[in-house]
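Structural features, examined
Each chain is listed here by its residues.
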Amino acid sequence: MATTETTAKLSKNKDVIRLERESVIPILKPKLTVHLANLIEHSSDRADFLKLCKRVEYTIRAWYMLQFEDLMQLYSLFDPVHGTQKLQQQNLSADEIDILEQNFLRYLFQVMEKSNFKIATEEEIDVAHSGQYLLNLPITVDDSKLDKKLLKTYFESHPQEDLPDFSDKYIIFRRGIGIDKTTDYFFMEKVDAMIARFWAWILRKTRLEKVLSRRSNSRSKKDSRKDNEIISEAEDDALYVERIRLENMDLSFRNLSSKITIQEPTFDRIIVIYRRASSRVKAERGIYVKHFKNIPMADLEIVLPEKKNPSLTPMDWVKFLISAAVGLVAVVGSVEMPKADLWVMFAILSTVIGYCAKIYFTFQQNMTTYQNLITQSMYDKQLDSGKGTLLHLCDDVIQQEVKEVIISFFILMEQGKATLEDLDQQCEELIKDEFGEDCNFDVDDAVHKLEKLGIVSRDTIGRYYCVGLKRANEIIGTTTEELVLKAKQGSLSA
């Protein structure tokens, strides 16, 4: 399976994220089969090819059916809604339940891998959190409400590299990359960004910046070295996506009232897995599986489980206190002057009060935005949960496997014998030339399935070749689904 690395870099005032191409084939199977069939010259061969595509799908579906059935049976015991009742009916011991839930996770993670979902790594989470998009509040998870045993036990027996710090409490799977654009005035956000720049300027002038950012600078230098290493090792065909954010724009009082467009890469699909913490009275056994779509990387926090209610940040309180102190000193100094100017005192107090009010109202606006995003994630961006997500994943696995097999067979049928490397390249070129999509084709898995079907072999020097269309259909044979359809058509005609 191909892996995806995510790296943020800044060049020429542009915030760019580097992403490797993924193995998922983003083409609907009906469109793929019909288009490839139309590329075949003879009509009889087109009919045989479409028949082969159907038989390949029916056969691969049958291969996975038993595994998927075991997965669904296990999940029925850990369904947060009805799982507790079914566990009680089974009358299992705690150790037996532990074994079953680990078996469920093992099946689930296998399906995730086959469906080209990847665990979000620590580096990818850091890159996602390094920017801001629509969500401008610090969102944290209430760890006390999450179980820390289930996933920790799984990863102890199935270790993986670069797991995020929270992997013992919840895990985030992601697949696919998209782009989200938002056009608006962003008036308060512009004012906030301009004040933040002015605040940074004051810190630089007073040399407080070095004291406050000494620790973060050491970390950023370390991350920067790591990022540079990854970028230097990047493949030429990597995908680069730009983040367009307010922080990197030229802002002034003249463009406060004009609309602007900000842009953020998205995770096309997100699946979050977790379990709630057990109480003293009741042991929690339910496993939550939630499925989201089109989640902006910088707003990844909206899919986190058991979120705490956001509040003013420590920096906001620091700003409050410093503003109040500065205002108090200025007012006292004005009063002690021989001729105190009431207008000067009024101006100072107005400025301080206005700035504090700005911090408060900005927080309130961010809270409103946060609530809207949470509502949107529940109704618009959440695709499914629980059993519905598992059914979707199972169908995803079948569709991806079928598409890989069909494309590989078509290339061998049209181009003749090919090495594994040549076949991989030709499949990727076909997807790019005919459908305009980029894909890191998983040729190893596709060839393995073709050999298992018995319609592809290797010659003495390791090149792969396929049998003819008619012979391929004969080897696979008539499937149960075809017999059922034939019987159904016969009963209708009778």
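Residues numbered from 1 in each chain as written. Predicted model: local features only at pLDDT ≥ 70, side-chain atom pairs only at ≥ 80, totals over all residues. Heavy atoms only, no water.

Along the backbone of the protein chain there are 15 helices and 10 strands. Considering the protein chain as a whole, with its 494 residues, one finds that 45% of them fall into the buried category. Considering only contacts within the protein chain whose residues lie at least 6 apart along the sequence, 77% involve residues at least 24 apart. For the protein chain, the accessible surface area stands at approximately 27,400 Å², while carbon and sulfur atoms represent 53% of it. (Helix = DSSP H or I, 4+ residues; strand = E, 2+ residues; numbered from the N terminus. Buried < 20%, exposed > 50% of the residue type's maximum accessible area, 1.4 Å probe, protein only. Contact = heavy atoms within 4.5 Å. Areas by Shrake-Rupley, 256 points an atom, 1.4 Å probe, with all protein chains shown as cover.)

Turning next to the packing of helix α1 (residues 29–38) against helix α12 (residues 420–435). α12 packs onto α1 with a crossing angle of 90° between their chain directions and a minimal axis gap of 12 Å. The pairing of α1 with α12 is recorded here as roughly perpendicular in orientation. Contacts from Lys31, Leu32, His35 and Leu36 in α1 reach Leu430, Glu434 and Phe435 in α12. Residue classes in the contact of α1 with α12 are distributed as four nonpolar, one polar and two charged. (Axes fitted to C-alpha atoms, helices over the stretch in contact; angles between N-to-C directions. Parallel < 35°, antiparallel > 145°, perpendicular 65-115°, else oblique. Nonpolar A, V, L, I, M, F, W, Y, C, P; charged D, E, K, R; others polar.)

Attention now moves to the confidence of the model for the protein chain. Averaged over all residues, the pLDDT of the protein chain is 80; the fraction at 70 or higher stands at 75%. Here residues 1–11 is modelled with pLDDT under 50, and outside its nearest four sequence neighbours on either side it reaches 43 contacts, counting other chains as well. Segment residues 215–236: pLDDT under 50, and 14 contacts once partners within four positions in sequence are set aside and those in other chains are kept. (pLDDT = per-residue confidence, 0-100.)

With the rule as written, the count across this model stands at 24 salt bridges. As a salt-bridge pair, glutamate 57 and lysine 29 come within 3.0 Å of each other at their nearest N and O atoms. Taken together, the residues span a long stretch of sequence, with glutamate 57 in helix α2 (residues 43–78) and lysine 29 in helix α1 at a distance of 28 residues. The burial state of glutamate 57 is the same as that of lysine 29; both residues are buried. Close ionic contact of arginine 174 with glutamate 124 constitutes a salt bridge, the shortest N to O distance being 2.8 Å. Taken together, the positions of arginine 174 in strand β4 (residues 170–184) and glutamate 124 in helix α5 (residues 122–129) put the pair 50 residues apart, joining distant regions of the chain. Across the pair, exposure class does not vary: arginine 174 and glutamate 124 are buried alike. One salt-bridge network, in which partners are shared between bridges, spans Asp98, Glu101, Lys149, Arg275 and Arg285. (Salt bridge = Lys/Arg side-chain N within 4 Å of Asp/Glu carboxyl O.)

This part takes up helix α13 (residues 443–453). What α13 keeps buried is the set Val443, Asp445, Ala446, Val447, Lys449, Leu450 and Leu453. A positive backbone phi angle near 85° is found at glycine 454, which sits one or two residues after α13.

Right, let's talk about the nonpolar core for a bit. Counting residues in each nonpolar core, the largest one holds 73 residues, and the members touching the most others are Phe104, Leu108, Phe109 and Ile273. In contact with isoleucine 273, not counting residues within four places along its chain, are Leu108, Phe109, Met112, Leu151, Tyr170, Ile171, Phe173, Ile287, Tyr288 and Val289. By size, the runner-up hydrophobic cluster in this structure holds 27 residues, among which are Ile139, Leu146, Phe292 and Leu304. (Core = buried A, V, L, I, M, F, W, Y, C linked by side-chain atoms within 4.5 Å.)

Okay, the sheet that holds strand β3 (residues 118–119) next. One open sheet holds the five strands; their spatial order is β3-β4-β6-β7-β8, and the pairing between them is antiparallel. Among the strands making up the open sheet, the edge pair consists of β3 and β8 (382–385). Pairing analysis gives three bridges linking strand β7 (residues 288–296) to β8, with the strands arranged antiparallel. Its bridge partner being in β8, lysine 290 is matched across the sheet by serine 385. Helix α4 (residues 94–114) contacts β3, β4, β6 (260–274) and β7 of the sheet and is inclined by roughly 145° relative to β6. Together, β4, β6, β7 and β8 form the strand contacts of helix α11 (residues 387–415), whose direction differs from that of β8 by roughly 100°. (Pairing = 2+ DSSP bridges.)

Attention now moves to the packing of aromatic side chains. Within this structure, the stated rule accounts for 10 aromatic pairs. A ring pair is formed by tyrosine 154 and phenylalanine 155, whose centres lie 5.4 Å apart and whose planes are at 75°; its orientation type is edge-to-face. Residue classification places tyrosine 154 among the buried residues on the basis of a relative accessible area of 4%. With centroids separated by 5.0 Å and ring planes inclined at 5°, the aromatic side chains of tyrosine 274 and tyrosine 288 adopt a geometry described as stacked. (Phe/Tyr/Trp six-rings, centres within 6.5 Å; stacked < 30°, edge-to-face > 60°.)

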